[in-house]
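Observations on chain architecture
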Amino acid sequence: MEIPLLCYRSVSLDQIRSSCSLPSSVSDYRCFIKQKTLSSVYRFSLNRRKWRNPFAKIRCCSLHRGLQPRPKPKPSKFDADVEEETDLRDTQIKKPSARVCSQLEKLVLYGRYREALELFEIFEQYGGFDMGSSTYDALVSACIGLRSIPGVKRVFNYMMSNGFEPDQYMRNRILLMHVKCGMMIHARKWFDEMHERNLVSWNTIIAGHVDTGDYVEAFRLFLIMWEEFSDAGSRTFATMIQASAGLGLISAGKQLHSCTLKMGVGDDIFVSCALIDMYSKCGSIEDAHYVFDEMPEKTTVGWNTIIAGYALHGYSEEALDMYYDMRDSGVRMDHFTFSIIVRICARLASLDYAKQAHAALVRHGFGSDIVANTALVDFYSKWGRIEDARNVFNKMPCKNVISWNALIAGYGNHGRGDDAIELFELMLRQRMRPNHVTFLAVLSACSYSGLSEHGWEIFQAMGRDYTVKPRAMHYACMIELLGREGLLDEAFALIRGAPFKPTANMWAALLTACRVHQNLELGKFAAEKLYGMEPEKLNNYIVLLNIYNSSGKLKEAAAVIQTLRRKGLRMLPACSWIEVNKVTNVFHSGDKSHAQRKEIYQKVDYLMKEIAKHGYVPENKTLLPDVDEQEQRILSYHSEKLAIAFGLINTPYWVPLQIVQGHRLCSDCHKAIELIAMVTRREIVVKDASRFHHFKDGNCSCGDYW
DNA sequence: TTAGGGTTAG
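By the naming in an unreviewed UniProt entry, chain A goes by DYW domain-containing protein and is assigned to Hevea brasiliensis. For chain A, the Sequence similarities (unreviewed entry) comment in UniProt is given as "Belongs to the PPR family. PCMP-H subfamily."

**Section: the packing of helix α25 (residues 472-484) against helix α26 (residues 488-497)**
Taken N-terminus to C-terminus, the directions of α25 and α26 make an angle of 165°; their axes are 8 Å apart at the nearest point. Looking at the two axes, α25 sits roughly antiparallel to α26. The handedness of the crossing between α25 and α26 comes out as left-handed. Contact residues: α25 offers Y475, M478, I479, L482 and G483, while α26 offers L488, E490, A491, L494 and I495. Here the contact of α25 with α26 is built from residues that sort into 8 nonpolar, 1 polar and 1 charged.

**Some points on unusual backbone geometry**
The backbone phi angle of R431 is positive, close to 60°, even though this residue is not glycine. For R431, the position within the fold is in the loop between α22 (417-429) and α23 (436-449). A positive phi angle, near 45°, is found at T467, a position not held by glycine. Within the fold, T467 resides in the loop between α24 (452-466) and α25. Classification of T467 by relative accessible area gives exposed; the value is 58%.

**Observations regarding a nonpolar patch on the surface**
Residues V216, L247 and L249 make up a contiguous nonpolar surface patch of roughly 240 Å² in combined accessible area. Relative to the helices and strands, V216 is located in helix α10 (residues 215-228). A relative accessible area of 57% places V216 in the exposed class.

**Description of the packing of helix α19 (residues 370-382) against helix α21 (residues 401-413)**
Packing of α19 against α21 leaves a shortest axis separation of 9 Å and a crossing angle of 5°. As far as their axial angle goes, α21 and α19 are roughly parallel. Facing I370, T374, V377, D378 and S381 of α19, the residues of α21 in contact are I402, S403, A406, L407 and G410. By residue class, the composition of the contact of α19 with α21 is 5 nonpolar, 4 polar and 1 charged.

**A few points about the pattern of salt bridges**
Under the defined criterion, the tally for this structure stands at 14 salt bridges. A salt bridge links E124 to R154, with the nearest nitrogen and oxygen atoms 2.9 Å apart. In this pair, E124 is assigned in helix α4 (residues 113-126) and R154 in helix α6 (residues 149-161), connecting sequence segments 30 residues apart. A residue is classified by how much of its surface remains accessible, and E124, at 29% relative accessible area, is partly exposed. A salt bridge links K382 to D378; the shortest N-O distance between them is 3.0 Å. Of this pair, K382 and D378 both sit in helix α19, 4 residues apart, which is roughly one turn of that helix. A relative accessible area of 64% places K382 in the exposed class. One network of salt bridges, with partners in common, ties together R188, D192, E217 and R220.

**Observations regarding the packing of aromatic side chains**
Within this structure, the stated rule accounts for 26 aromatic pairs. With a centroid separation of 5.5 Å and an interplanar angle of 85°, the aromatic rings of F156 and W190 are classed as edge-to-face. Taken as a pair, F156 in helix α6 and W190 in helix α8 (residues 184-193) lie far apart in primary sequence, 34 residues in all. Between F459 and Y475 the ring centres are 5.3 Å apart and the planes differ by 90°, which places this aromatic pair in the edge-to-face class. A residue pair is termed long-range when its members are at least 10 positions apart, and F459 in helix α24 and Y475 in helix α25 qualify at 16 residues. Through successive ring pairs, a cluster of aromatic residues spans F120, Y136, Y158 and F164. One Lys or Arg, R197, reaches over the ring of F191 and ends 4.5 Å from the middle of that ring.

**As for the UniProt feature "repeat: PPR" (unreviewed entry) in chain A**
When the UniProt feature table is mapped onto this chain numbering, "repeat: PPR" (unreviewed entry) sits at residues 132-166, 268-298, 299-333 and 400-434. For residues 268-298, the helix share is 74%, the strand share is 0%, and the end-to-end C-alpha distance is 11 Å.

**Considering the environment of T563**
On the secondary structure map, T563 appears in helix α30 (residues 554-567). The class for T563 is buried, based on a relative accessible area of 19%. Sequence separation between T563 and Y541 is 22 residues, and the spatial gap between their C-alpha atoms is 8.7 Å.

Definitions and limits used
Residues numbered from 1 in each chain as written. Chains lettered and ligands numbered in written order. Predicted model: local features only at pLDDT ≥ 70, side-chain atom pairs only at ≥ 80, totals over all residues. Heavy atoms only, no water. UniProt positions renumbered as here; feature names shortened; annotations may be inferred. Axes fitted to C-alpha atoms, helices over the stretch in contact; angles between N-to-C directions. Helix = DSSP H or I, 4+ residues; strand = E, 2+ residues; numbered from the N terminus. Parallel < 35°, antiparallel > 145°, perpendicular 65-115°, else oblique. Left-handed = near helix turned anticlockwise from the far one by under 90°. Contact = heavy atoms within 4.5 Å. Nonpolar A, V, L, I, M, F, W, Y, C, P; charged D, E, K, R; others polar. Buried < 20%, exposed > 50% of the residue type's maximum accessible area, 1.4 Å probe, protein only. Patch = residues over 30% accessible without salt bridge, like charges linked within 9 Å, V, L, I, M, F, W, Y side chains within 5 Å. Areas by Shrake-Rupley, 256 points an atom, 1.4 Å probe, with all protein chains shown as cover. Salt bridge = Lys/Arg side-chain N within 4 Å of Asp/Glu carboxyl O. Phe/Tyr/Trp six-rings, centres within 6.5 Å; stacked < 30°, edge-to-face > 60°. Lys NZ or Arg CZ within 6 Å of the ring centre and 35° of its normal.

Right, dumping it as structure tokens:
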């Protein structure tokens with residue numbers, strides 16, 4: 001049951017009870033009291049029937065169960081005075097005064113941050129007015145709420161130039177303002193110059209480094225803190241456990257875990273959730289589950305984290321089971337839950353599950369949630385239902401750059417480059433700022449659809465008009481685009497003109513283009529660059545091998561095969577699957593194990609002939625050593641064509657791989673097997689490991705054993 | 001006394 005937002009001049013238990021039903025098992029709710037200092041958190045004890053914090057003079061209070069996104073304050077029928085508050089801006093105000101300060105604070109109180117910063121202009125114009133801590137605090141909240149860098153600069157400059165002397169509390173708030181707006185250089189300078197730092201100051205700066213992905217610096221600071229400050233709280237540990245997860249350092253995470261136990265904060269909810277996340281991200285789902293089991297109170301976030309952990313490991317079935325357990329336990333599910341579930345359904349490639357998740361999401365009131373809907377857009381477009389994706393997208397009440405990117409990428413993947421560009425232009429018209437992922441999606445779409453001119457224009461406009469500096473992946477995309485058009489010299493010039501060292505992806509794009517357009521010289525040059533960078537990547541050798549083969553250079557081709565044999569490189573088979581009549585069917589390249597393989601390949605042959613009648617010439621691009629002619633023929637069929645064929649035949653499926661017993665496998669191979677076991681929902685018998693990874697002498701050559 | 005922490009989408 002969703003508890004509505006309540007606004008009271010004073011809050012009584014009866015008022016709460018009359019407006020919402022609270023589960024009797026829960027005795028204590030967090031209340032966010034909107035006071036002068038905004039996000040102050042107090043606790044309202046239903047047992048004691050009073051506010052725990054005796055200092056709180058409650059002017060206005062919002063009570064909710066932590067639902068996200070945080071609801072906007074709105075006039076409540078319980079409080080007539082709030083009606084008066086709806087028009088907070090007095091347009092007659094021209095000069096700074098205590099009254100304006102009060103109005104500014106009220107605007108922030110109601111989440112109208114933009115208007116608050118507009119009102120602040122009056123102070124900036126006149127200058128010299130000492131606003132007092134509470135108004136500065138409100139301005140800090142406005143900047144944090146908007147994540148506005150110009151806002152931070154304005155407020156900070158005003159404070160400094162008007163002689164404001166912040167106390168410890170305000171110094172920490174100023175630090176937080178810089179941290180939350182991503183201004184880590186300024187934040188760090190401010191922190192370094194603080195003559196007195198308390199636990200909050202340390203936690204704030206460390207969390208800032210973790211948020212920006214600078215985990216090493218976070219650890220460095222943590223160690224200094226540990227030495228200088230001789231203290232750390234549960235919040236510090238939760239943050240540092242997050243940093244361990246970011247670095248994938250399970251050893252550090254375990255040390256922190258033992259510290260929390262020694263210091264008696266091991267049961268802290270935040271610490272537990274961070275631990276679950278850390279263990280699952282570091283590959284130990286068992287430890288994650290152990291921490292989850294030990295949690296004294298299993299919260300929504302705890303459930304979400306463990307479900308996401310299972311999903312991360314490919315245990316989608318288990319994750320769904322956990323989701324059902326969560327539902328049965330009566331814990332509130334939030335938009336995080338549904339975002340995770342949608343992603344799991346996408347992984348299971350099951351339209352049925354996804355539709356159920358979509359329905360549950362709407363049923364639980366998260367039908368307009370931005371993250372869950374973006375996940376749905378992505379899912380539907382990947383599933384091939386681009387129109388459904390568009391429908392979800394159109395119905396979204398608010399969209400962010402990620403939502404736009406998901407649909408643009410969807411159109412690109414469906415070969416609908418024009419639609420992708422149209423959507424991109426619509427995005428610009430709606431004043432949504434594109435980021436580097438947007439440009440990647442648009443450029444890929446241009447590349448797939450052969451829209452080289454559009455692509456080139458957009459690539460040039462990126463840095464010039466949108467201040468998004470092209471990265472290596474954008475260059476690789478452009479090289480692919482030019483390469484498809486046969487503009488190999490231009491593509492090569494782009495590599496040479498790049499303002500950074502060309503990456504393997506860029507050379508690979510050029511090499512592929514050289515194969516398609518039979519440019520032996522340039523292809524060889526690109527391949528040699530690639531060998532230096534990725535000596536163990538099979539595909540690079542295969543592409544060069546094909547160039548030599550198709551241009552009749554059999555001697556050179558034989559040399560490449562020799563190199564491959566010497567390095568012990570073998571093909572890692574690709575795998576695809578399709579759901580027919582609620583049964584998932586899995587296929588590998590060259591897979592001959594299906595019970596109805598004869599009918600399937602007959603159908604494929606028939607389809608290929610039909611396609612050929614319409615002028616399609618199959619590209620004989622895969623020429624592998626050690627693969628017989630029959631298998632070559634099968635390999636040349638794209639898995640989608642197999643799927644088309646198979647869609648016409650209703651039958652249970654059969655099995656993908658076989659690996660010799662007694663061989664040791666590396667973790668990558670294990671993951672591959674688990675994936676297939678998960679998709680097929682059957683046990684996999686391993687008979688022949690040679691189809692996996694860098695198989696050599698009966699073992700994986702990487703030496704990273706499970 | 002106020003301030004700082006954990007899970008999701010491209």
